[in-house]
Amino acid sequence: MSGTPSGAGPVPAEWWERLAARGVEVLAFGVFYYILFIALWGLFRTVGASDVLGGRLPGALAWFGAGLGYALYDWAALSRAGRTFGKAIMRIRVAPEGLPPRTLLKRSLVYPGAIMLMGIPVVNLLAGMLVFALGLAILIDKPLQRGPHDRLAGTRVVKDLR
């Protein structure tokens, strides 16, 4: 059983499967963000730089570091296995398989790469709107349910019933 109805291509993953997969990953990277934030806050306070950018520098750097880490993780996981741990739990994957790492990097920089900007005042609003718009695009793109990051990379997220 390959998850493919006779004659049709792979079955697109449902929006809720994609959301649940990202939710699992966001929880893990949220923990990473808070650990990074606390470490940076302590460091900046120790060196007397806690007032830089109105006290927002540790948060901005923590968002940037966690977002960059998430984007790099997403890219490495998709390059290696075609799915992240959240996608593996939900039994979905990125198709087609065997895409060049450069193509997958583009996909990973659009989302979750936008998370890198969440710590910058005003820009965080735009980044949040971008992430929301990506999710909305997946909901309204029928029947493939692709977001702009999928279109940019020529990918789809499909059920992985192997």
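Quick summary incoming for the structure in this document. (Residues numbered from 1 in each chain as written. Predicted model: local features only at pLDDT ≥ 70, side-chain atom pairs only at ≥ 80, totals over all residues. Heavy atoms only, no water.)

### Looking at the packing of helix 2 (residues 57-81) against helix 4 (residues 101-110)
Then, in step 1: Closest axis-to-axis distance for the helix 2/helix 4 pair is 9 Å, and the angle between their directions is 145°. Read as a crossing pair, helix 2 and helix 4 show a hand that is right-handed. Listed contacts from helix 4 to Ala 71, Asp 74, Trp 75, Leu 78 and Ser 79 of helix 2 are Pro 101, Leu 104, Leu 105, Arg 107, Ser 108 and Leu 109.
Then, in step 2: Residue classes in the contact of helix 2 with helix 4 are distributed as seven nonpolar, two polar and two charged. (Axes fitted to C-alpha atoms, helices over the stretch in contact; angles between N-to-C directions. Helix = DSSP H or I, 4+ residues; strand = E, 2+ residues; numbered from the N terminus. Left-handed = near helix turned anticlockwise from the far one by under 90°. Contact = heavy atoms within 4.5 Å. Nonpolar A, V, L, I, M, F, W, Y, C, P; charged D, E, K, R; others polar.)

### Focus on unusual backbone geometry
Then, in step 1: Omega for the bond connecting Ala 95 with Pro 96 falls within 30 degrees of zero, at 0°, which places this linkage in the cis form.
Then, in step 2: Between Lys 142 and Pro 143 the backbone carries a cis peptide bond, its omega angle lying at 5°.
Then, in step 3: Its place among the elements puts Pro 143 in the loop between helix 5 (123-140) and helix 6 (148-153).
Then, in step 4: Here Gln 145, not a glycine, exhibits a phi torsion of approximately 55°, which is positive.
Then, in step 5: Mapped onto the elements, Gln 145 comes out in the loop between helix 5 and helix 6.
Then, in step 6: Looking at Gln 145, the relative accessible area reads 7%, which means it is buried. (Buried < 20%, exposed > 50% of the residue type's maximum accessible area, 1.4 Å probe, protein only.)

### Looking at the pattern of salt bridges
Side-chain pairs of opposite charge can arise whenever the charged atoms involved come near each other.
Then, in step 1: As enumerated under the stated definition, the model contains nine salt bridges in all.
Then, in step 2: One salt bridge connects Glu 17 with Lys 159, and the closest N-O pair in it is separated by 2.9 Å. In this pair, Glu 17 is assigned in helix 1 (residues 15-46) and Lys 159 in strand 2 (residues 156-159), connecting sequence segments 142 residues apart.
Then, in step 3: Between Asp 141 and Arg 151 there is a salt bridge, with the nearest N and O atoms lying 2.5 Å from each other. Taken together, the residues Asp 141 in the loop between helix 5 and helix 6 and Arg 151 in helix 6 connect sequence positions ten residues apart.
Then, in step 4: Given the relative accessible area of 13%, Asp 141 is considered buried.
Then, in step 5: Among the charged side chains, a network of salt bridges with common partners joins Arg 83, Arg 93, Glu 97 and Asp 160. (Salt bridge = Lys/Arg side-chain N within 4 Å of Asp/Glu carboxyl O.)

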